[in-house]
Amino acid sequence: MVNGQKIPEKMTAVAISTPGGPLVLKPEKRDVPTPGAGEILIRVHAAGVNRPDVMQRKGAYPAPPGASDLPGLEVAGEVAALGEGATRWRIGDQVCALTPGGGYAEYVKVHASNALPLPAGFTYTEAAAVPETYFTVWHNVFERGALKAGETVLIHGGASGIGTTAVQLASALGSYVIATAGSAEKCEACLKLGADRAVNYREEDFVKAVKEATDGRGANVILDMVGGDYIGRNYDAAAVEGRIVQIATQTGAVASADFSKLMVKRLVHTGSTLRPRTVEFKGAVAAALETQVWPLLATRRVAPVMDMIFPLKEAWRAHERMEEGDNIGKIVLDVG
Ligand SMILES: NC(=O)c1ccc[n+]([C@@H]2O[C@H](COP(=O)([O-])OP(=O)(O)OC[C@H]3O[C@@H](n4cnc5c(N)ncnc54)[C@H](OP(=O)(O)O)[C@@H]3O)[C@@H](O)[C@H]2O)c1
């Protein structure tokens, strides 16, 4: 029972009927999942839409073994059932969670440690926009990249879901933030979110801009989702002992670069992908977020930037919006 309602056997979900364009996303009836040991079942009220969902729809990013074939990496809703040993939560608790897939549905099961309480004062649609980008940014910028207060961070794709989160968090935690984006409007959005400098990469060379903004020192941490020729240019834009964290390679995973710069500047070039990591790893990131970032969400010092909300059954429109590339911030599905 959740909210006095019995859990049904079947639910509405949006599935990838075959790899292809947005219209392959089709509503269908599925069995409601049963939570296993350590898991909880969430009655989903809202689900976040992410670029990896688009890649999965196209057939380029298959679900990891054991995960639902349904798209959807983050949700917000109420705890509807508890698996054995999932003692942290009670039925009816309001949560948001990172899921291994399956978020585009009325119910999803997740490991209890991968859920967090709904940030104070947040709606379900706002909370569903939090997990994927906050887990990704926290791990890559602050753990892997070890960004510290007073350092300079260069965030590529500053107006994206990931970028808007990274700009806000880095600014709130005391860094000098430089963001790149592809239009004046997106640059303006980055500045409003706390970036100290925004670079329209279609009009300006980001390496030159970073050097100018840092008196020639360069950026201590670079978050890159672009790849291609950005790889070599990031080496130019990085400071001595800089950390470059690769989270995507949108313009190419194969590149040539001058690796002598890596040695001369003693750079660290690393990267990661979140989805295939273990539930234990994700649980550790969730615990760090709850202590370090949830208080900032509660005061709205940081908050997800909401682009547009679509009904679950119109998930195809949400994907169309993401592929058009005009979104500033997060696209979310209202699951009802
Ligand atoms: N590794 C991980 O764990 C992980 C987890 C989640 C997401 N990701 C990746 O992170 C990226 C962002 O995800 P999202 O959900 O936030 O997607 P999104 O909102 O669609 O963002 C994609 C962004 O890439 C930017 N971009 C493309 N080419 C660029 C360029 N040459 N210079 C600067 N920016 C450029 C676009 O900005 P402009 O329109 O301004 O060009 C756009 O804002 C995606 O590639 C996604 O796959 C990785």
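Here, every reference points to the structure presented above.
Asks: How do you make sense of the pattern of salt bridges when you look at a structure like this?
Replies: Under the criterion given, the structure shown has 20 salt bridges. With a shortest N-O distance of 3.1 Å, glutamate 323 and lysine 58 are connected by a salt bridge. Pair noted here: glutamate 323 is in helix H11 (residues 315-324) and lysine 58 is in the loop between helix H1 (51-57) and strand S4 (74-82), with a separation of 265 residues, a long-range link. Here glutamate 323 falls in the partly exposed class, since its relative accessible area comes to 30%. Here glutamate 126 ties to arginine 300 by a salt bridge, and the two come within 3.0 Å at their closest N and O atoms. Linking glutamate 126 in helix H2 (residues 124-128) with arginine 300 in the loop between helix H10 (294-298) and strand S14 (306-311), this pair joins segments that are 174 residues apart in sequence. Looking at glutamate 126, the relative accessible area reads 16%, which means it is buried. The class for arginine 300 is partly exposed, based on a relative accessible area of 39%. It is possible to trace a salt-bridge network through shared partners that takes in Glu28, Arg30 and Asp69.

Asks: I would appreciate a short explanation of the packing of aromatic side chains in the present structure.
Replies: By convention here, two paired aromatic rings are described through the distance between centres and the angle between planes. Across all of its chains, the model carries 3 aromatic pairs by this definition. For the pair phenylalanine 206 and tyrosine 230, a centre-to-centre distance of 4.8 Å together with 45 degrees between the ring planes defines the contact as tilted. Placement of the pair is phenylalanine 206 in helix H6 (residues 206-213) and tyrosine 230 in helix H7 (residues 230-237), with a sequence separation of 24 residues. Assigned by exposure class, phenylalanine 206 and tyrosine 230 land together as buried. Between the NZ or CZ atom of arginine 43 and the centre of the ring of tyrosine 107, over which it lies, the distance is 5.8 Å.

Asks: What exactly am I supposed to notice about the sheet that holds strand S9 (residues 176-181) here?
Replies: Two modes of strand pairing occur in sheets, parallel and antiparallel, and in both the strands are linked by backbone hydrogen bonds. The parallel open sheet is built from 6 strands, whose spatial order is S10-S9-S8-S11-S12-S13. Each end of this open sheet is capped by a strand with a single partner; those strands are strand S10 (197-200) and strand S13 (268-271). Each adjacent strand pair in this sheet contributes to an overall mean axis angle of 15 degrees, direction not counted. On the sheet, H6 packs against strand S8 (152-155), S9, S10 and strand S11 (219-224) and is oriented at approximately 165 degrees with respect to S9.

Asks: Explain helix H3 (residues 131-144) here, please?
Replies: Across the 14 residues of H3, 12 count as buried, placing the element largely inside the fold. Considered for burial, the residues of H3 that qualify are Pro131, Glu132, Thr133, Tyr134, Phe135, Thr136, Val137, Trp138, His139, Asn140, Val141 and Phe142. Once H3 ends, the next one or two residues include alanine 146, with phi positive near 50 degrees.

Asks: How should I be thinking about the layout of surface pockets in this particular structure?
Replies: Empty space among the atoms can be located by rolling a probe the size of a water molecule over them. Counted as a void, the largest pocket has a volume near 1200 Å³. What lines the largest pocket is a set of 47 residues, among which Arg51, Ser160, Met225, Ala248 and Gln250 lie closest to the centre. Mapped by element, the contributors of at least two residues to the lining of the largest pocket are H1, H3, helix H4 (161-172), S9, H11 and strand S15 (330-334). Taken together, the residues of the lining of the largest pocket break down into 18 nonpolar, 20 polar and 9 charged. One number sums up the size of the second largest pocket: a volume of about 420 Å³. Taken together, 30 residues line the second largest pocket, and the ones lying closest to its centre are Gly66, Ala67, Ser68, Pro100 and Lys109.

Asks: Got a minute to help me understand the packing of H6 against H7 in this structure?
Replies: Any two packed helices are characterised by how steeply their axes cross, that is the angle between the axes, and by the distance between the axes. Where H6 contacts H7, the two axes come as close as 9 Å, and the packing angle between them is 15 degrees. As the angle between them shows, H6 and H7 are arranged roughly parallel. Seen from above, H6 lies across H7 with right-handed handedness. Every residue of H7 that contacts H6 at Phe206, Val207, Val210 and Lys211 is listed here: Tyr230, Arg233, Asn234, Asp236 and Ala237.

Asks: Would you mind going over the site of the ligand with me for this structure?
Replies: The immediate surroundings of the ligand are formed by 25 residues, with Arg51, Gly182, Lys186, Tyr201 and Tyr230 found nearest. A distance of 2.3 Å separates an oxygen atom of the ligand from a polar side-chain atom of tyrosine 201. One nitrogen or oxygen atom from the main chain of serine 272 is found 2.8 Å from a nitrogen atom belonging to the ligand. Look at the ligand: alone it shows 900 Å² of surface, and the protein chains cover 90% of it. For the shell around the ligand, the per-class residue count stands at 10 nonpolar, 11 polar and 4 charged.

Rules used in this analysis
Residues numbered from 1 in each chain as written. Predicted model: local features only at pLDDT ≥ 70, side-chain atom pairs only at ≥ 80, totals over all residues. Heavy atoms only, no water. Salt bridge = Lys/Arg side-chain N within 4 Å of Asp/Glu carboxyl O. Helix = DSSP H or I, 4+ residues; strand = E, 2+ residues; numbered from the N terminus. Buried < 20%, exposed > 50% of the residue type's maximum accessible area, 1.4 Å probe, protein only. Phe/Tyr/Trp six-rings, centres within 6.5 Å; stacked < 30°, edge-to-face > 60°. Lys NZ or Arg CZ within 6 Å of the ring centre and 35° of its normal. Pairing = 2+ DSSP bridges. Axes fitted to C-alpha atoms, helices over the stretch in contact; angles between N-to-C directions. Contact = heavy atoms within 4.5 Å. 1 Å grid on protein atoms, 1.4 Å probe; cavity = no way out; pocket = protein on both sides within 12 Å on 5 of 7 lines; lining within 4 Å. Points joined across faces, edges and corners; volume = space filled by probe spheres on them. Nonpolar A, V, L, I, M, F, W, Y, C, P; charged D, E, K, R; others polar. Parallel < 35°, antiparallel > 145°, perpendicular 65-115°, else oblique. Left-handed = near helix turned anticlockwise from the far one by under 90°. Near = heavy atom within 4 Å. Polar contact = N/O pair within 3.5 Å; in protein donor to acceptor, adjacent residues only side chain to side chain. Areas by Shrake-Rupley, 256 points an atom, 1.4 Å probe, with all protein chains shown as cover.

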